[in-house]
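# Architecture at a glance
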Amino acid sequence: MSDLAINFVYVASALLFILGLKFLSSPATARRGNVLSALGMLLAIAVTLLARDILDYRWIAVAVLAGAIIGALAARLVALTSMPEMVALFNGSGGGASLLVGWSTLYPASDSVFTLVTVALSILIGGVTLTGSIMAWGKLSEVITTRAVVFGLQRLLNSLIVVALVASGVLFVMNPDPTSPAFFALVGFSLLLGVMAVLPIGGADMPVVISLLNSYSGLAACAAGFAINNNILIVAGSLVGASGIILTNIMCKAMNRSLANVLFSGFGAVKVASKVEGEVKPISVDDAFLILEASSAVTFVPGYGMAVAQAQHVVRELGELLEKNGAEVTFAIHPVAGRMPGHMNVLLAEANVPYDQLVELEDINPRMGMIDVAVVIGANDVVNPAAREDEGSPIYGMPIINVDHARTVFVLKRSMASGFSGVDNPLFFGDNTRMLFGDAKESISGLVAQFKS
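Residues numbered from 1 in each chain as written. Predicted model: local features only at pLDDT ≥ 70, side-chain atom pairs only at ≥ 80, totals over all residues. Heavy atoms only, no water.

### A closer look at the overall build of the protein chain
As a reminder of what qualifies: In this text, helices come from DSSP runs of H or I with a minimum length of four residues, and strands from runs of E with a minimum of two, each type numbered from the N-terminal end. Here the globule rule reads 2.2 Å times residues to the power 0.38, and the radius of gyration is calculated from C-alpha atoms. Each residue's exposure class comes from its accessible area (1.4 Å probe, protein chains only) as a fraction of the maximum for that residue type: buried when under 20%, exposed when over 50%, partly exposed otherwise. Pairs of residues are marked as contacts when any of their non-hydrogen atoms sit within 4.5 Å.
Looking only at helices and strands, one finds 17 helices and six strands in the protein chain. Compactness check: the protein chain gives a C-alpha radius of gyration of 25 Å against a globular reference of 22 Å for 453 residues, within 12% of the reference. Counting only C-alpha atoms, the protein chain reaches 75 × 50 × 30 Å along its principal axes. Classification of the 453 residues of the protein chain by burial places 49% in the buried group. The long-range share in the protein chain, meaning contacts at least 24 apart out of those at least 6 apart in sequence, stands at 77%.

### So, the nonpolar core
Rules: Side-chain atoms within 4.5 Å are what join buried Ala, Val, Leu, Ile, Met, Phe, Trp, Tyr and Cys residues into a set we call a nonpolar core.
Ranked by size, the top nonpolar core spans 73 residues in total, and within it F300 and V403 carry the most contacts. Setting aside anything within four residues of it in sequence, one finds F300 in contact with V315, L318, G319, L322, V329, T330, F331, A332, V375 and I377.

### Some remarks on the sheet that holds strand β1 (residues 297-302)
Short version of the rule: At least two bridges found by DSSP between two strands is the condition for calling them paired. In this description, a line fitted to the C-alpha atoms serves as the axis of each element, helices being fitted only across the stretch in contact, and the angle between N-to-C directions of two axes falls anywhere from 0 to 180 degrees.
With respect to topology, six strands assemble into an open sheet ordered β3-β2-β1-β4-β5-β6, the strand pairing being parallel. At either end of the open sheet lies a strand with only one pairing partner, and these are β3 (358-360) and β6 (433-437). Between one strand and the next, the sheet's axes are offset by a mean angle of 25°, whatever the strand orientation. Sheet analysis places strand β4 (residues 373-377) next to strand β5 (residues 408-413), joined by five bridges and oriented parallel. Paired with A374 across the two strands is V409, which belongs to β5.

### Quick look at the packing of aromatic side chains
We apply this condition: In this scheme Phe, Tyr and Trp rings, the latter by its six-membered ring, pair at centre separations within 6.5 Å, and the angle between planes marks the pair as stacked below 30 degrees, edge-to-face above 60, and tilted otherwise. A ring is considered to have a charge above it if a Lys NZ or an Arg CZ atom is located within 6 Å of its centre and within 35 degrees of its normal.
Counted by the stated rule, this structure contains seven aromatic pairs. Judged by centre distance (4.9 Å) and plane angle (70°), the rings of W103 and F183 are edge-to-face. On the criterion of sequence distance, the pair formed by W103 in helix α4 (residues 83-104) and F183 in helix α7 (residues 181-198) is long-range, its members being 80 residues apart. Overall, the relative accessible area of 24% leaves W103 in the partly exposed class. We classify F183 as buried; its relative accessible area is 0%. Considering the side-chain rings of F183 and F184, the 5.6 Å spacing of their centres and the 75° angle between planes classify their relative orientation as edge-to-face. On the accessibility criterion, F184 (43% relative accessible area) is partly exposed. Among the aromatic residues, those joined into a ring-pair cluster are W103, F172, F183 and F184. Looking at R32, its charged tip hangs above the ring of F23, at a distance of 5.0 Å from the centre.

### Brief notes about the packing of helix α6 (residues 154-174) against α7
This is how it is decided: We call two directions roughly parallel when the angle between them is under 35 degrees, roughly antiparallel when it is over 145, roughly perpendicular when it lies between 65 and 115, and oblique otherwise. Helix crossings are classified by the rotation of the near helix relative to the far one: an anticlockwise turn of less than a right angle makes the crossing left-handed, while a clockwise turn makes it right-handed. Under the grouping applied here, Gly and all other residues not named as nonpolar or charged are polar, the nonpolar ones being Ala, Val, Leu, Ile, Met, Phe, Trp, Tyr, Cys and Pro and the charged ones Asp, Glu, Lys and Arg.
The N-to-C vectors of α6 and α7 enclose an angle of 150°; their axes lie 8 Å apart at closest approach. One way to sum up the angle between α6 and α7 is to call them roughly antiparallel. Viewed along their axes, α6 and α7 form a crossing whose handedness is left-handed. Between α6, through Q154, L157, N158, I161, V162, A164, L165, S168, G169, L171 and F172, and α7, the contact on the second element is made entirely by A182, F183, A185, L186, F189, S190, L192, L193 and M196. A class-by-class count of the residues in the contact of α6 with α7 yields 15 nonpolar, five polar and no charged.

### Structural notes on the pattern of salt bridges
Just so we agree on the cut-off: One speaks of a salt bridge when a side-chain nitrogen belonging to Lys or Arg is within 4 Å of a carboxyl oxygen belonging to Asp or Glu.
Throughout the structure, instances matching the rule amount to seven salt bridges. Two residues, K452 and E317, come together in a salt bridge whose shortest N-O distance is 2.5 Å. With K452 in helix α17 (residues 440-452) and E317 in helix α13 (residues 312-324), this pair connects stretches of sequence that are 135 residues apart. Since its relative accessible area comes to 56%, K452 is described here as exposed. When salt bridges that share partners are traced, they join R388, E389 and D404 into one network.

And the structure:
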């Protein structure tokens, strides 16, 4: 196959990537966007392997089949509650692949300074992405502590690691020997920096970290594309890197963090929040039903607890019954609800909740005072008034959904335990708050049964 034909297929793949990103901007077309992007990547990989005679077509077929099986199993067997962890591992896999691609470029050795610089960058960014993503996975799955781990001279240590990285990178470019101490120092310090960059970040900031690592994986792929002179890898990596940075910026605004804080770590530093005390007012399913039956405006606020309980389907059913009863039903979506960007959107889309019922934070807050009942399902940090009122709180300044301004608030939780950030929530003790304890799915199912009867 000629270079012209190969590049023509690459252009077609790039167009599919761009169309896929366009469709991903809307929940209604997101699945189509995924299919188009996947098709574009399949075309790009197939034409590269076949045209360059890198592998026999039978090995290519085996690899395609193996990847399809792994992807299908991941899609079917991994619960939605574990999606953030899976995304973190996918980001890490992309970073690790870029590191290996950069490494393989050194065989045979190259004397091009530009190529060697791009190799160093693909190894550096890929290594940081690999170990940083593994750390993010550990925090999300609670294999390691979800709290921010900080210690004295931490920033100085991180600065020394960066200096060592730059020095080893320069030495490697000057002497591009893949067996030299400079090369192994570059790999080692890259992996270490990924650990140290994510270590001081608290669990509540994980959505920002996930989107940032996604961007890193794209930048690593872009650098690897330059290293091996592959146009489509450069394009795909650039698209992922740019879209990841844009998403990171959106997440930063949602968390009230600056992008500089994220890039240079240190955000999520430990603070001491005020102790919250008060009297909790529990409510039964029967009493909650009577209040909902008389309501004309109800807003559901989903959180990670809804994902754990797998309650999204019964929540949609309750919403439909409330609408039949004459109530206006909305779903208030916080950008960082759950443990990855768009987590709640995915859950509600799976349950076929109408897209026009999903309302963003900045649109629902002005209307919250007119809401009869705000039903908080497993959300904590994104509705915590401490973010507005307690300057000592780790989440102070983070925009929240002001459910405490609603006439009545139902909070569905198993217990009084704090959220992922470990911060107590004064909402639970509010005068207009009623705690509906128990499994969220069972509680909602009980309300559904009441309406049906």
